[in-house]
Amino acid sequence: MIIDKNTTELKPVGSIEIPDIFYQRLTTGIQTVDDLFGGGILPGSVSTLTGGPGTGKSTFLLQTTNALAQQGLKVAYVSGEESQEMLAFTCQRLELDDILIATGSDIGQIDGYIRETDFMIYDSFQCLTSDNKRLNRTEQEQVITHFVAQSKTYQTATTFTLHIAKNGNYKGTTTIPHMVDVNLIIEVDKDIEDVRHIT
């Protein structure tokens with residue numbers, strides 16, 4: 001987790017005070033998910049989730065978001081790809097009813113949600129726009145830098161889904177995974193189609 005970019009001098013590790021926020025992780029109550037994040041999701045951390053079409057990215061993130069809502073946290077799932085009605089239908093099918101959902105792609109809108117919530121999902125990063133125009137690679141890098149800073153300022157745990165091409169490479173800038181705290185990949189089990197692996 002990047003706290004700031006200030007230059008520091010060498011110090012004995014025992015003399016460095018650890019911020020309380022490192023011990024205030026957001027727990028879902030789902031052991032497997034909490035373990036993925038080292039015992040819970042760190043407030044202010046930024047994550048990405050990638051996976052091919054049909055691997056269950058939305059289902060996994062909706063279930064995670066709902067579990068956090070049941071812990072009393074203010075959570076949001078925002079989509080730039082599906083309508084609000086489609087999201088609501090998916091939540092109904094999965095029997096999830098504690099999530100705030102919205103649609104949109106404007107970076108100002110997403111910035112506002114980061115300020116207002118404890119945990120926010122945006123699906124997907126490549127859908128983001130500024131002045132109704134898709135972001136180019138340079139703009140994507142500027143935006144992820146801004147969102148990382150905002151997430152840490154407001155202590156909002158934020159996750160973006162990322163599209164990948166058929167060759168397995170990211171669509172858009174490839175620097176995003178290097179600028180966030182956690183990168184997750186979801187894959188379908190090679191032998192059992194209903195099983196997913198997240199690493």
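1. Focus: the pattern of salt bridges
Part 1: Under the defined criterion, the tally for this structure stands at 2 salt bridges.
Part 2: Close ionic contact of Arg115 with Asp111 constitutes a salt bridge, the shortest N to O distance being 3.3 Å. One end of the pair, Arg115, and the other, Asp111, are both in helix α4 (residues 107-116), 4 residues apart, so they sit about a helical turn from each other.
Part 3: In this structure, Lys152 engages Asp181 in a salt bridge whose closest nitrogen and oxygen atoms are separated by 2.9 Å. Remark: Asp181 occurs in the loop between α6 (176-179) and β8 (182-188) and Lys152 occurs in helix α5 (residues 137-154); sequence separation between them is 29 residues.

2. As for helix α2 (residues 57-69)
Part 1: The end-to-end C-alpha distance of α2 is 18 Å, a good match for the 18 Å that 13 residues give at a rise of 1.5 Å each.
Part 2: Counting buried residues along α2, 10 of its 13 residues qualify, which places the element largely inside the surrounding structure.
Part 3: Residues of α2 that are buried: Lys57, Phe60, Leu61, Leu62, Thr64, Thr65, Asn66, Ala67, Leu68 and Ala69.

3. Some thoughts on the nonpolar core
Part 1: Ile41, Leu62, Tyr77 and Phe119 are the most contacted members of the largest nonpolar core, which has 22 residues in total.
Part 2: Going through the elements one at a time, α2, β2 (75-79), α3 (84-93), β4 (119-123) and β8 are the ones with two or more residues in this core.
Part 3: Beyond its immediate chain neighbours, meaning those up to four positions away, Ile41 contacts Arg25, Leu26, Leu68, Phe119 and Ala157.
Part 4: One finds Ala76, Val78, Tyr122 and Leu135 within the second-largest nonpolar core, a separate group that totals 20 residues.

4. Describing the packing of aromatic side chains
Part 1: Across all of its chains, the model carries 2 aromatic pairs by this definition.
Part 2: Ring centres of Phe125 and Phe160 lie 5.5 Å apart, and the angle between their planes is 90°; on these two criteria the pair is classed as edge-to-face. Of this pair, Phe125 sits in the loop between β4 and β5 (129-130) while Phe160 sits in strand β7 (residues 157-162), placing them 35 residues apart in sequence. Here Phe125 and Phe160 have matching classes, each one buried.
Part 3: With 5.6 Å between their ring centres and 15° between their planes, Phe147 and Phe160 make a pair best called stacked. A residue pair is termed long-range when its members are at least 10 positions apart, and Phe147 in helix α5 and Phe160 in strand β7 qualify at 13 residues. Phe160 shares its class with Phe147; the two are buried.
Part 4: Members of the aromatic cluster, joined through ring pairs, are Phe125, Phe147 and Phe160.

Rules of the game
Residues numbered from 1 in each chain as written. Predicted model: local features only at pLDDT ≥ 70, side-chain atom pairs only at ≥ 80, totals over all residues. Heavy atoms only, no water. Salt bridge = Lys/Arg side-chain N within 4 Å of Asp/Glu carboxyl O. Helix = DSSP H or I, 4+ residues; strand = E, 2+ residues; numbered from the N terminus. Expected span 1.5 Å × (residues − 1). Buried < 20%, exposed > 50% of the residue type's maximum accessible area, 1.4 Å probe, protein only. Core = buried A, V, L, I, M, F, W, Y, C linked by side-chain atoms within 4.5 Å. Contact = heavy atoms within 4.5 Å. Phe/Tyr/Trp six-rings, centres within 6.5 Å; stacked < 30°, edge-to-face > 60°.

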